[in-house]
Amino acid sequence: MAEPASMIDKLWFLIPEIVLFGGVVVVSVMGLARRRIVRDAVPLVVCVFLVAAMAVIPFLYGHDRVFDELGRSRAGLLMPLLGRYVKLVVCAVGILLAMMSVWLTDRKLEAAVASGRARFDPIRVSRGEYFAFFLLSLIGVMLVCNANDLIWLFLALELTSLPTYIMVAISRPSAKALEAAVKYFFLGALSAGMFLYGFALLYGASGTIVLTEMRDVFAEQAAAGGLNSIALIGMLISLLGVSFKIVAVPMHFYAADVYEGAAAPVTAFLAFVPKTAGILAIMLLVSTVGYGGRTAAGIEGLPQPIMVALWMICVLTMTLGNVGALLQRSAKRLLAYSSIAHSGYLLIGIIAGPALGFDAVLFYLLAYGVMNTAAFAVLAGLQRRGEEIESLDDLAGLRARHPAMAVVMALAALSLVGFPPLLGFWGKLSVFIAGVEAGRIALVVIALINSAISAYYYLWLVGLPILAMPNAQSQTVVKSKVVWPRVAAVLAAVAVVVLPFFAQRLLSGSQGVGTPPAQQPLADSQRARADSQ
Amino acid sequence: MVWLWLGSLLLVPLVGVAAVCVFPARRAKWIALFASTATFAHSIIVAVAFEHWHDGGFGFGAAIPTLQLPKFGIQFEMGVDSVSLLLTLLTTLLMPLCIWGSFSAIKDRVKEYYGWMLAIEAAMIGVFIARDLIFFYVCFEFTLVPMYFLIAVWGSDNRARACTKFFLFTFTGSLIALAGLLYVAWQYQSAYEQWSFAIGELTAFSATHLSGSEQAWVLLALLAGFAVKVPLFPLHTWLPLAHTEAPTAGSVVLAGVLLKLGTYGLYRFVLPMVPEAVIAYAPAIGVISIIGILYAALICWVQDDIKRLVAYSSVSHLGFCVLGLFSLNPLGLQGSVIYMLNHGLSTGALFFLVGMIYERYHTRDMSKLSGLSARMPVWAFFMVFFVLSSVGLPGLNGFIGEFLCLLGAFTASADNATHPGLLGPWYAAVAALGMIFAAMYLLIMVGKVVFGPLVEPVVKAKEHGERLPADLTWREIGVLTPLAVLCLAIGMQPHPLTHAAQGSIDAVLATYPERVRHHLALSGQLAAGSAVDEPEDLGGSGVGGGGDGGRVDG
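Throughout what follows, the structure given in this document is the object of discussion. Predicted, not measured: the structure shown is a model, and the values here were computed from it.

Some words on the overall build of chain A
Item 1. From N to C terminus, chain A includes 26 helices and 3 strands.
Item 2. Here chain A has a C-alpha radius of gyration of 23 Å; the compact-globule value for 533 residues is 24 Å, and the two agree.
Item 3. Taken along its principal axes, the extent of the C-alpha atoms in chain A is 80 × 50 × 40 Å.
Item 4. When each of the 533 residues of chain A is scored for burial, the buried share is 64%.
Item 5. Taking as baseline every contact in chain A between residues at least 6 positions apart, the subset at least 24 positions apart corresponds to 80%.
Item 6. Of the roughly 18,300 Å² of accessible surface on chain A, a fraction of 68% belongs to carbon and sulfur atoms.

A short note on the packing of aromatic side chains
Item 1. Under the criterion given, the structure shown has 53 aromatic pairs over all chains.
Item 2. A ring pair is formed by Y183 of chain B and W186 of chain B, whose centres lie 5.8 Å apart and whose planes are at 65°; its orientation type is edge-to-face. With Y183 of chain B and W186 of chain B both in helix α7 (residues 159–192) and 3 residues apart, the pair spans about one turn of that helix. Summarising the burial analysis for this pair, Y183 of chain B and W186 of chain B share the class buried.
Item 3. With 5.1 Å between their ring centres and 70° between their planes, F233 of chain B and Y295 of chain B make a pair best called edge-to-face. One end of the pair, F233 of chain B, is in the loop between α9 (212–229) and α10 (238–245); the other, Y295 of chain B, is in helix α12 (residues 275–301), and 62 residues separate them in sequence.
Item 4. A relative accessible area of 24% means that F233 of chain B is categorised as partly exposed.
Item 5. The class of Y295 of chain B is partly exposed, set by a relative accessible area of 38%.
Item 6. One aromatic cluster is present, built from ring pairs that chain together Y165, Y184, F185, F186, F244 and Y254 of chain A.
Item 7. A cation sits over an aromatic face here: R127 of chain A above W103 of chain A, 4.5 Å from the ring centre.

Overview of the nonpolar core
Item 1. Membership of the largest hydrophobic core comes to 418 residues, with the highest contact counts inside it found for F134 of chain A together with W379 and F386 of chain B.
Item 2. A per-element tally of this core places helix α17 (residues 356–381) of chain A first, with 20 residues.
Item 3. If we ignore the near neighbours within four places in the chain, the residues touching F134 of chain A are V46, G94, L97, A98, S101, M167 and F269 of chain A.

Quick look at unusual backbone geometry
Item 1. In this structure, P421 of chain A follows P420 of chain A across a cis peptide bond, with omega equal to 0°.
Item 2. The residue P421 of chain A is located in the loop between α20 (403–417) and α21 (423–437) in this model.
Item 3. The phi torsion at H362 of chain B lies on the positive side, around 55°, for a residue other than glycine.
Item 4. Examined against the element boundaries, H362 of chain B turns out to sit in the loop between α14 (330–361) and α15 (372–375).

As for the packing of helix α14 (residues 264–289) of chain A against helix α16 (residues 331–352) of chain A
Residue and element names in this part refer to chain A.
Item 1. At a closest axis distance of 11 Å, the pairing of α14 and α16 adopts a crossing angle of 20°. Judged by the angle between their axes, α14 and α16 are roughly parallel. The crossing of α14 and α16 is right-handed. Touching A264, T267, A271, K275, I279, I282, M283 and V286 of α14 are K332, S339, H342, S343, L346, L347 and I350, all from α16.

Some words on the interface of chain A and chain B
Item 1. Opposite the 33 residues of chain A that make contact, chain B presents 36 residues.
Item 2. Run the count over chain A and chain B and you get 1 salt bridge.
Item 3. Its salt-bridge partner being E112 of chain B, residue R399 of chain A comes within 2.9 Å of it at the nearest N-O pair.
Item 4. Taken together, chain A and chain B are joined by 5 residue pairs in polar contact (both at pLDDT 80 or more).
Item 5. In terms of residue count, the dominant contributor to the side of chain A that touches chain B is helix α22 (residues 441–466) of chain A (10 residues).
Item 6. Its residues placed into classes, the side of chain A that touches chain B shows 24 nonpolar, 6 polar and 3 charged.

Looking at the pattern of salt bridges
All names here are of chain A.
Item 1. Inspection of the entire model under this criterion finds 28 salt bridges over all chains.
Item 2. Notably, a salt bridge pairs D40 with R127, separated by 3.1 Å at the nearest N-O pair. In this pair, D40 is assigned in helix α3 (residues 36–40) and R127 in helix α8 (residues 127–145), connecting sequence segments 87 residues apart.
Item 3. Among the residues examined, R127 registers a relative accessible area of 3% and is labelled buried.
Item 4. E390 serves as the salt-bridge partner of R172, at 3.2 Å between the closest nitrogen and oxygen. Here R172 is found in the loop between α9 (150–171) and α10 (175–206), whereas its partner E390 is found in the loop between β2 (387–388) and α18 (392–395), with 218 residues between them in sequence.
Item 5. Residue R172 is classed as buried on the basis of its relative accessible area of 9%.
Item 6. Counted as one network, the salt bridges with shared partners bring together R172, K176, K332, E387, E388 and E390.

Thoughts on a nonpolar patch on the surface
Residues and elements named next belong to chain A.
Item 1. Among the surface-exposed residues, V490, V494, V497, V498, F501 and F502 lie close enough to one another that they form a single nonpolar patch of about 470 Å² accessible area.
Item 2. Relative to the helices and strands, V498 resides in helix α24 (residues 484–498).
Item 3. Since its relative accessible area comes to 33%, V498 is described here as partly exposed.

Details of the state of the cysteines
Residue and element names in this part refer to chain B.
Item 1. Following the criterion strictly, the structure yields 0 disulfides over all chains and no others.
Item 2. Unpaired in terms of disulfides, C139 finds its nearest cysteine sulfur in C21, a separation of 19 Å.
Item 3. Judged by its relative accessible area of 8%, C139 is buried.

Criteria and thresholds
Residues numbered from 1 in each chain as written. Chains lettered and ligands numbered in written order. Predicted model: local features only at pLDDT ≥ 70, side-chain atom pairs only at ≥ 80, totals over all residues. Heavy atoms only, no water. Helix = DSSP H or I, 4+ residues; strand = E, 2+ residues; numbered from the N terminus. Rg over C-alpha atoms; globule rule 2.2 N^0.38 Å. Buried < 20%, exposed > 50% of the residue type's maximum accessible area, 1.4 Å probe, protein only. Contact = heavy atoms within 4.5 Å. Areas by Shrake-Rupley, 256 points an atom, 1.4 Å probe, with all protein chains shown as cover. Phe/Tyr/Trp six-rings, centres within 6.5 Å; stacked < 30°, edge-to-face > 60°. Lys NZ or Arg CZ within 6 Å of the ring centre and 35° of its normal. Core = buried A, V, L, I, M, F, W, Y, C linked by side-chain atoms within 4.5 Å. Axes fitted to C-alpha atoms, helices over the stretch in contact; angles between N-to-C directions. Parallel < 35°, antiparallel > 145°, perpendicular 65-115°, else oblique. Left-handed = near helix turned anticlockwise from the far one by under 90°. Salt bridge = Lys/Arg side-chain N within 4 Å of Asp/Glu carboxyl O. Polar contact = N/O pair within 3.5 Å; in protein donor to acceptor, adjacent residues only side chain to side chain. Nonpolar A, V, L, I, M, F, W, Y, C, P; charged D, E, K, R; others polar. Patch = residues over 30% accessible without salt bridge, like charges linked within 9 Å, V, L, I, M, F, W, Y side chains within 5 Å. Disulfide = S-S within 2.5 Å.

Keep in mind these numbers describe shape, not what the thing actually does.
Quick look at the structure:
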């Protein structure tokens, strides 16, 4: 076996996380400050830390830092370059999400304090906590990129999810949010239990928790006549558990209720951050049992049962998501189902495998993060009777009074449907090309049919704001008091239009980051065999 | 900087969009008119500088810099041959007229309107000049959005349903076409280990490397996309609705250019890309287009709504166009290309004329209008002129295209020495009924509306915003005159057009005679196997309807 990676090599790649953790500490203290101006600066400080983390990332992934002389990952990672792209994307979308969350909590309390009706009480404010949890969850995703064993992976996934339960609960002072949080928490706990159980079985089947070693063991098993059935069962259970994070089919049913219950900024957060973590986890997990087959002897792609399971999850997720969305009258529920459908599209890339497939998935995650954030930011940036807008009727005739928001919503919806030349089209196109290249024609055809179905409900989001006449309900929609969600919406919409011009650079940025170092597993396993003899 | 030759055709309208957005609303229409006229002027310069009018080659080939994805072999490559340049000219000619023609009709949301008009112009030109599949697809799809908004915002009463149906039909169709094109690209990738989306390379590859059944599937996928746009018979139901509800200029764009995207797609992709499947399915597609010709013509006959009548007549007319394409000989293809141009001119003009009536009387109902020649002689002159052009009166443009399409179908029989085909006299004979029907329904309409005793609907004063004079204004005459002059000119002197199209058509048809002969020989052998006596006769009768049906199934 290769000697374990040194601590310093592992820590080196955690610098962005460490920076953000500094942010967590600073922010949670600042949120309790006595002076209003300090408390108000919290979101700004969050953005500063996110920018700082982004600034650090490009310097970390120099070739010599990532690989040793033999071309192996210094930190012992399965996909050593994953973080280079994903961490940047997470931080960038994180900035948009942080802008949406300005003044999400504590608005009433601060108003009361400002007018002198109440005294400032550190017990009652939750802004600092909210943004601390916000950053912790982002740290969780970034840690998933660095996971080199199952325990790390589990902890990182949970670090992504645990803060979100609290964020849902404190996102708005209503019973709905609490209900959503409780639902989300219990189902999340269930799913964590599931994939932990799956991890245990994987450990039992391979005798190791280190992902790279696991891959070598499984490659040998497969070469010797097929994977251990415990490994297969463990992998399937893990996949089902993780599909909770990406709202894929057997674990998708919570999405509509939770997305509806939480405030729009948190919903946007849920639709991007845990999903990214889940997709990365699936990429890491399935890479241990298959794909390696292209480089090591004996296996072609994924083992049959896992392929079938992923295929079915993918098809059901796309189809149920899109059909479900057709039945919705609430914009948030509609976007929840659309989030389910997009997980389906992402899974096509996973099934297509490393190289094109994983690159496309990573690019798609960026596209989805931006366009989805744009749509939710519109909902967050407007309000009716003091509540953020929710139903599709609220959107009718938005153009008359809030033209910018109407245009943003239309752009986001067109991009979500995958309409050229917007960002979503390039995401979908690269995923579909990857699927076709892997020979998954049927899957791509089903996805195309699904895109056609989805055009129907996304057209509502285009048509209602821009074309419909305002109705009595939407007449009363006003801008929310904070400008930042609308700024985030406009920024995201601009990105949807402008980023396609940089598609080449973005795609080449994701190029190869999902690919395990090619020749290594074979050499490692040969050496291992030699050692055991 | 070669790319600017064609790139400016996209850039000028797009700059126009930006200018319309920036400047105040009252300037919008003049900016739009200026931008579209400038585009037209530039396209004329391109046409003059174009060197391949006679040899069928592509000119001005260049890629838009920086817009590319080398990993997938995608780059926004442009280039025109004579046919795509002709269609580009049609587009750039119609757009200023559409914009000029909308000056009095569009009163609200003016900036958006002219912005969308220029955006759709850029997208349509993009379709014709694209030499990269993804570039083509992006523009092809993007035409939907401006059209969706043009119908949805400025359309008439039933517009919500019309625009949704239009969007969903065409979007679904083109997704399926995308699947087919991706499949071809994938096969190319598996053969050469690299991605390419260059139309030329994929076409050459697909024609030679794909098996017959693969080609059949690709053909079906492509047809799903292009036949919806054309539209061919069972997929045409979105069109009358969209046409009727669209604003006048929207209808003109739709009939004049958007439908041509479908036939252009058939010409540029289907014919060269999947020849084996085209040969196998040509009789079936011929039958479908004939059904479309006759069916739509019969529907026209019973229409009360003039605009709907013209819309259905488009379905009928484009049936000829498709029939010409699938006769697989130079005559038919020439006819088809010329038909695309003619249809854009005369049907576009008819929509203008109907729109002018609607602006004055707020109705399109034939039973409420009669004898308008007494009130509007100038309008009546143009109406009769363009109806005759559309009917196919010899001496006007419509005749040339229709005649060549029918002649193409007629001579597309197995015993044709140079270009054997799979249609034949029967196809032409039945399709020709469509010409008779066209004469009937259009002339009946003219008889009712233009001539006869004067009947005018009473227009309530408040419905009238700005009162238009009874007869056409100079602006309206100015919109119609260029179209009329072109109709007459093409009708008198079609040779430049047929010569120009010839080179490109020869390139498309290059391998067809050989393939068709091979196909006929194979099916002749099969037939000879079943009936031993007279193989030659059987080969001959294979041209007729019954024999073709059997061959399609096989």
